[in-house]
Amino acid sequence: MLRQILSSAVAKSTRGLSFTVNRLASNLDKSEYTTPGEIIDYDDPTHLPVPEYPLRPDEPLETRKQRLLYQSRKRGMLENDLLLSTFVAKYLRDFNADQTAQYDKLINGVSNDWDIFYWATETKATPAEYDNEIMQMLKQHVKNEERVQRIRQPDL
């Protein structure tokens, strides 16, 4: 008996509520929930100097590759951690000294990791100084035409 009373009371109270929710949901402007067509990007302020990344001309190639492997995995931005760590796992061991220097300049010369992400995903145009063989390889890697699942970083 008590169960019948409670279920009828709940049914009466939710009938009005569902009508209110449905009425409100139909009045929503769906356009306000869509992804914006362009990225809002602000120039870096000039009063905040970005320190120059120190060049390491005497660093042995294997040491440089080990450092780049670590730096590619620890970007502070999960999107780049996944993209760069899988890229390095696939290509870094076969890089020559020039390619390794280009990759070093790419990940350490740019002050904003979002720039690397937007360039690699071709959301923004890549500046001429970074549009090189390594960036083209990274863009191809990001396209993932092999449909490789990249939900975690590769093992070391």
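Predicted model only: the values in this text are computed from it and were never measured.

1. Describing the nonpolar core
Ranked by internal contacts, the top residues of the largest apolar core, which has 23 residues, are Phe-87, Phe-95, Tyr-103, Leu-106 and Leu-138. Those elements giving two or more residues to this core turn out to be α3 (78-91), α4 (97-109), α5 (113-120) and α6 (133-143). Ignoring anything within four residues of it in the chain, the contact list for Phe-87 reads Leu-92, Phe-95, Tyr-103, Ile-134, Met-137, Leu-138 and His-141.

2. Considerations on α4
With 13 residues, α4 should cover 18 Å at 1.5 Å per step; its first-to-last C-alpha distance of 17 Å lies within 8% of that length. Residues of α4 that are buried include every one of Gln-99, Thr-100, Gln-102, Tyr-103, Asp-104, Leu-106, Ile-107 and Asn-108, and no others. Where α4 begins, one side-chain oxygen reaches toward the backbone nitrogen of Asp-98, 3.1 Å away; that side chain belongs to Asn-96.

3. Topic: the packing of aromatic side chains
A complete count under the given rule lists eight aromatic pairs for this structure. Relative to Tyr-103, the ring of Phe-87 lies with its centre 5.7 Å away and its plane at 35°, an arrangement referred to as tilted. With a gap of 16 residues between them, Phe-87 in helix α3 and Tyr-103 in helix α4 connect regions that are remote in the sequence. Cluster of aromatic residues (ring-pair linked, three or more members): Phe-87, Tyr-91, Phe-95 and Tyr-103. Directly above the aromatic system of Tyr-130 lies the positively charged group of Lys-105, at a separation of 5.6 Å from the ring centroid.

4. Some details on the environment of Ile-107
The residue Ile-107 is located in helix α4 in this model. For the pair Ile-107 and Tyr-130, spaced 23 residues apart in the sequence, the C-alpha separation amounts to 10.0 Å. Leave out the neighbours within four places in its chain, and Ile-107 touches Leu-68, Gln-71, Ser-72, Arg-75, Leu-84 and Ile-116.

5. Brief notes about the confidence of the model for the chain
Reading fine detail from the predicted coordinates is not recommended where pLDDT is low. Across the chain, the average pLDDT comes to 81, with 76% of residues at or above 70. Counted against residues more than four places away or in other chains, residues 16-23, with its pLDDT under 50, gives zero contacts.

6. Focus on the packing of α3 against α5
At a minimum axis separation of 10 Å, α3 and α5 run at an interaxial angle of 55°. Looking at the two axes, α3 sits oblique to α5. The hand of the α3/α5 crossing is left-handed. Residue-level inspection shows Glu-79, Asn-80 and Leu-83 of α3 in contact with α5, the latter providing Asp-113, Trp-114, Ile-116 and Phe-117.

7. As for the layout of surface pockets
Taking a probe equal in size to a water molecule and rolling it over the atoms shows the remaining empty space. In this structure, the largest pocket spans a volume of roughly 380 Å³. Lining the largest pocket are 17 residues, with Glu-52, Tyr-53, Lys-105, Asn-108 and Gly-109 positioned closest to its centre. With five residues, the top contributor of residues to the lining of the largest pocket is α4.

8. Some remarks on helix α2 (residues 61-73)
Its 13 residues give α2 an end-to-end C-alpha distance of 19 Å, which sits within 8% of 18 Å, the value for a rise of 1.5 Å per residue. Three or more residues of α2 are buried, namely Arg-64, Lys-65, Arg-67, Leu-68, Gln-71, Ser-72 and Arg-73. In this fold, the buried residues of α2 make contact with α3 and α4.

9. A few points about the pattern of salt bridges
Opposite charge on two side chains permits them to pair, given that their charged atoms come into close proximity. In the structure shown here, the tally under the stated rule is eight salt bridges. Linking Glu-59 and Arg-67 is a salt bridge whose minimum nitrogen-to-oxygen distance equals 2.8 Å. The two residues Glu-59 and Arg-67 agree in class, both being buried. With a shortest N-O distance of 2.9 Å, Asp-155 and Arg-152 are connected by a salt bridge. For the pair Asp-155 and Arg-152, one class covers both residues: exposed. Ionic contacts of the salt-bridge type, sharing partners, join the residues Glu-59, Arg-64, Arg-67 and Asp-104 into one network.

Cut-off values and rules
- Residues numbered from 1 in each chain as written.
- Predicted model: local features only at pLDDT ≥ 70, side-chain atom pairs only at ≥ 80, totals over all residues.
- Heavy atoms only, no water.
- Core = buried A, V, L, I, M, F, W, Y, C linked by side-chain atoms within 4.5 Å.
- Buried < 20%, exposed > 50% of the residue type's maximum accessible area, 1.4 Å probe, protein only.
- Helix = DSSP H or I, 4+ residues; strand = E, 2+ residues; numbered from the N terminus.
- Contact = heavy atoms within 4.5 Å.
- Expected span 1.5 Å × (residues − 1).
- Polar contact = N/O pair within 3.5 Å; in protein donor to acceptor, adjacent residues only side chain to side chain.
- Phe/Tyr/Trp six-rings, centres within 6.5 Å; stacked < 30°, edge-to-face > 60°.
- Lys NZ or Arg CZ within 6 Å of the ring centre and 35° of its normal.
- pLDDT = per-residue confidence, 0-100.
- Axes fitted to C-alpha atoms, helices over the stretch in contact; angles between N-to-C directions.
- Parallel < 35°, antiparallel > 145°, perpendicular 65-115°, else oblique.
- Left-handed = near helix turned anticlockwise from the far one by under 90°.
- 1 Å grid on protein atoms, 1.4 Å probe; cavity = no way out; pocket = protein on both sides within 12 Å on 5 of 7 lines; lining within 4 Å.
- Points joined across faces, edges and corners; volume = space filled by probe spheres on them.
- Salt bridge = Lys/Arg side-chain N within 4 Å of Asp/Glu carboxyl O.

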